[in-house]
Amino acid sequence: MPLPPAQKSLLVSLSGPSSSGKTTLARLLRDLLPNTFILHEDDFYKPESLLPFRSGHRDWDCPEAIDLPALTNALTYIKSTGEFPPFINSKEDQNTLGACPASPSHINLAKAIIASSSLHSLLKHAKICILDGFLLYSQAEEFKPILELIDVKLFLLASEEKAVARRKARDGYVTLEGFWKDPEGYVEEVVWPNYVEQHGYLFVDGDVKRGRLDRKVLEREGILAMGDGHGHGEGFGEVLVWAVGEVVNRLEGFLGGEGGRGENEGE
């Protein structure tokens, strides 16, 4: 389906459990893909005093923690203008990430996929926005307006053991009020249970721990994921190459489809 004439930006979402590599992948995609910028769901947290409690902790990892109308407003602005919203002051990019986990060979392969595509010429007419968020595919009613705006939905995976270990290794997070560091037990009692509750529908029999993705559900929801999810065994380099391939294929369809805006139109 070609891009609607009024749409100036294509929205590509990256979602999955905390510490599954979403922000790292988003930054790499931004650096590799032409005309690309990032919008972080984390920049739409409500003030800490408004967050609900779970297991005695302020819960930063539930749908109620995000200002969803503000996020919807920002995405609508991006799709209609192709620009980053001037009313958003991003704090997420102040959070540190570790060394790039993709090897030079995987990065070069991703570059080759992009170079062999038609994106550079097609993206004269639109930009790409990478939406990075941990809760984007929640079935909560409040997320429906957001899901309807997204053009390409990518889902990353991580086992509970890896996600917990990676999250605990982080320094903390820049917030509206200053800085947040996970208290003892927060990941096991809040982060992972929230992920399971919000994403169980994507797995066979709702069994997130076993990790086998329900392909029928993914197809129905228009969500793309690598492999069958079982074992969460893919390395980050393979995930990068997969993500680039999916984005290129989907965006070429949007931008270059019959009736879409071709390379010479409007010049």
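Residues numbered from 1 in each chain as written. Predicted model: local features only at pLDDT ≥ 70, side-chain atom pairs only at ≥ 80, totals over all residues. Heavy atoms only, no water.

*Asks:* Any chance you could break down the overall build of the protein for me, citing the residues and the numbers?
*Replies:* Helix and strand content of the protein: nine helices and nine strands. Burial statistics for the protein: of 267 residues in total, 55% are counted as buried. Restricting the contact set of the protein to residue pairs at least 6 apart, pairs at least 24 apart contribute 74%. Summed over all atoms, the accessible surface of the protein reaches about 12,300 Å², with 52% contributed by carbon and sulfur. (Helix = DSSP H or I, 4+ residues; strand = E, 2+ residues; numbered from the N terminus. Buried < 20%, exposed > 50% of the residue type's maximum accessible area, 1.4 Å probe, protein only. Contact = heavy atoms within 4.5 Å. Areas by Shrake-Rupley, 256 points an atom, 1.4 Å probe, with all protein chains shown as cover.)

*Asks:* Tell me about the pattern of salt bridges, and name the residues and values.
*Replies:* Evaluation of the coordinates by the stated rule reveals 11 salt bridges. Of the charged contacts in the structure, one is a salt bridge between K209 and E160, with a shortest N-O distance of 3.6 Å. Taken as a pair, K209 in the loop between α7 (186–199) and α8 (215–221) and E160 in helix α6 (residues 160–168) lie far apart in primary sequence, 49 residues in all. Classification of K209 by relative accessible area gives exposed; the value is 62%. Two residues, E161 and K209, come together in a salt bridge whose shortest N-O distance is 3.6 Å. Here E161, found in helix α6, pairs with K209, found in the loop between α7 and α8; they are 48 residues apart in sequence, far enough to count as distant. (Salt bridge = Lys/Arg side-chain N within 4 Å of Asp/Glu carboxyl O.)

*Asks:* Please set out the packing of aromatic side chains residue by residue, giving values where relevant.
*Replies:* Inspection of every chain in the model, using the stated rule, returns seven aromatic pairs. Seen in terms of ring centroids, Y45 and W60 are 5.1 Å apart; in terms of plane orientation they differ by 85°. Their pairing is edge-to-face. Of the two residues, Y45 is situated in the loop between β2 (36–40) and β3 (53–54) and W60 in the loop between β4 (57–58) and α2 (68–81); the sequence distance between them amounts to 15 residues. Judged by relative accessible area, Y45 falls into the buried class, the value being 17%. Taking the relative accessible area as the measure of exposure, W60 reaches 5% and is therefore buried. An angle of 80° between the planes, with centres 5.6 Å apart, marks the rings of Y77 and F87 as edge-to-face. Of the two residues, Y77 sits in helix α2 while F87 sits in the loop between α2 and α3 (104–115), which places them 10 residues apart along the sequence. (Phe/Tyr/Trp six-rings, centres within 6.5 Å; stacked < 30°, edge-to-face > 60°.)

*Asks:* Run through empty space enclosed by the protein, naming residues and quoting values.
*Replies:* Within the structure shown, the criterion is met by one cavity of 30 Å³ or more. Contributing to the lining of the largest cavity are G16, P17, S18, D61, F134, L135, V191, N194 and Y195. Residue composition of the lining of the largest cavity, grouped by class: five nonpolar, three polar and one charged. (1 Å grid on protein atoms, 1.4 Å probe; cavity = no way out; pocket = protein on both sides within 12 Å on 5 of 7 lines; lining within 4 Å. Points joined across faces, edges and corners; volume = space filled by probe spheres on them. Nonpolar A, V, L, I, M, F, W, Y, C, P; charged D, E, K, R; others polar.)

*Asks:* For the nonpolar core, give the residues involved together with the corresponding values.
*Replies:* Ranked by size, the top nonpolar core spans 48 residues in total, and within it L39, L75, F155, L202 and F203 carry the most contacts. Among the elements of the structure, β2, α2, β5 (127–132), α5 (144–149), α6, α7, α8 and β9 (223–225) are those that each provide at least two residues to this core. Non-local contacts of F203, meaning those with residues more than four positions away in its chain, are made with F155, L157, Y195, V208, G211, R212, L213 and D214. If you look at the next biggest cluster of nonpolar residues, it comprises 35 residues, including L28, L33, A110 and V239. (Core = buried A, V, L, I, M, F, W, Y, C linked by side-chain atoms within 4.5 Å.)

*Asks:* Lay out α7 with the relevant residues and their values.
*Replies:* Taking 1.5 Å of rise per residue, 14 residues should cover 20 Å, and α7 covers 19 Å from first to last C-alpha, within 8% of that figure. Listed in full, the buried residues belonging to α7 are Y186, V187, V190, V191, W192, P193, N194, Y195, Q198 and H199. (Expected span 1.5 Å × (residues − 1).)

*Asks:* Could you give me a rundown of the packing of α3 against helix α9 (residues 236–256), with the residues and numbers involved?
*Replies:* The N-to-C vectors of α3 and α9 enclose an angle of 5°; their axes lie 9 Å apart at closest approach. One way to sum up the angle between α3 and α9 is to call them roughly parallel. Residues H106, I107, L109, A110, I113 and I114 of α3 touch α9, and the partners they reach there are G237, E238, L240, V241, V244, G245 and V248. Of the residues assigned to the contact of α3 with α9, the class counts are nine nonpolar, three polar and one charged. (Axes fitted to C-alpha atoms, helices over the stretch in contact; angles between N-to-C directions. Parallel < 35°, antiparallel > 145°, perpendicular 65-115°, else oblique.)

Keep in mind these values describe shape, not function.
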